[in-house]
Amino acid sequence: MQTEPPYLRIAGELRRRIVSGELAPGDRLPSTRAIVRERGVAMATATKALSVLRHEGLVRAVPGVGTVVAERPAPGVVGAGSGPALSRERIVRTAIELADAEGLPAVSMRRVATTLSTSTMALYRHVPGKTELVRLMSDEVFGERPLGAAPRDWRPGLELAARWLRSVYGRHPWMAQAVASFTRPTASPHAMRYTEWVLRALAGTGLPAYTKLHIHLTLFAHVQGLAMAGDMETQARQDTGLSAAQWMVRNEPQFDAISASGDYPFLNSLFEHDEFELDLDSLFEFGLRRTLDGIAVMIGETSA
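Note that this is a predicted model, so its numbers are computed, not measured.

Undergrad: What exactly am I supposed to notice about the environment of Ser51 here?
TA: Looking at the element boundaries, Ser51 is found in helix α3 (residues 43-55). Counting along the chain gives 65 residues from Ser51 to Leu116, while the straight-line C-alpha distance between them is 7.8 Å. Dropping the residues within four chain positions of it, Ser51 is found in contact with Thr114 and Thr115.

Structure, rendered in structure tokens:
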């Protein structure tokens, strides 16, 4: 009698929990890392298990959350050979969905191939390797939603550009790691179109070309830095199962013990007021306003 492969056994157990209603629509499934940790299987095995459920329509990937139970599970099983033909576009889209669900470190040529129920070598016929795959993923998401026409005034233009970029990172938090270098940019048409848009918004300011580029990169770095912090928080939540608030409650005794020394009076005073609240949204708004105020001063100086 043949033994059922481990990935089918894991998929079967998760399927039973979904069908029985133990896992309701929208409920999170264990991540691949959690499956590896809890069951002692290889990453490829965990990936295959979730891929089976994805092909069956039982689960779907949700950016920043992970793999969740689909709203309307499909009753039948979709065979590996019944899907659309393998193409670069399908590979890139699958990699994006994987990164949305589990983060960029989860993306590899092997894992994408496993998700698509094909061989790794088959992927190399369309994409030469992971570096190029990540470049294609990044450019794809930059082109998802057009930025539109730039306002006539530079300030609303830069504000629109910053908020648009933040929305890109919000939909795809892994982008903070994918676009990590300013000194070694990649040749990506949609990303370059964004830069062109920002420079055009600054066209009437009278600032030198290199200053305009620095303004663009400063705003980009502000958005990206906060996006990276958000991505790290998402990964921590997936790894630990604790929200930021729950983590603070668990670690509060340690902070209290350190604060009790009296060595941090200014830091301690921040938390004496109930209205004090620090989150990535407030940091984004504060940094964006102060940066735009500084640019306004620069423009005033050049026109004087």
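Okay, back to it.
Undergrad: Which parts of the structure should I look at to understand the packing of aromatic side chains?
TA: How two aromatic rings sit relative to each other is set out by the distance from centre to centre and by the angle between their planes. Taken as a whole, this structure holds four aromatic pairs when the rule is applied. Look at Trp164 and Tyr194: their rings are 5.3 Å apart centre to centre, the planes differ by 20°, and that puts the pair in the stacked class. Of this pair, Trp164 sits in helix α8 (residues 154-171) while Tyr194 sits in helix α10 (residues 189-201), and the two are 30 residues apart along the sequence. Taking relative accessible area as the criterion, Trp164 reaches 11% and is therefore assigned buried. Taking the relative accessible area as the measure of exposure, Tyr194 reaches 7% and is therefore buried.

Undergrad: Mind showing me how you'd approach unusual backbone geometry here?
TA: With glycine set apart, most residues show a phi of negative sign, and most peptide bonds adopt trans. Look at Ser117: it is not a glycine, yet its phi comes out positive at around 55°. Relative to the assigned elements, Ser117 resides in the loop between α5 (109-115) and α6 (120-124). What makes Ser117 partly exposed here is its relative accessible area of 37%.

Parameters at a glance
- Residues numbered from 1 in each chain as written.
- Predicted model: local features only at pLDDT ≥ 70, side-chain atom pairs only at ≥ 80, totals over all residues.
- Heavy atoms only, no water.
- Helix = DSSP H or I, 4+ residues; strand = E, 2+ residues; numbered from the N terminus.
- Contact = heavy atoms within 4.5 Å.
- Phe/Tyr/Trp six-rings, centres within 6.5 Å; stacked < 30°, edge-to-face > 60°.
- Buried < 20%, exposed > 50% of the residue type's maximum accessible area, 1.4 Å probe, protein only.

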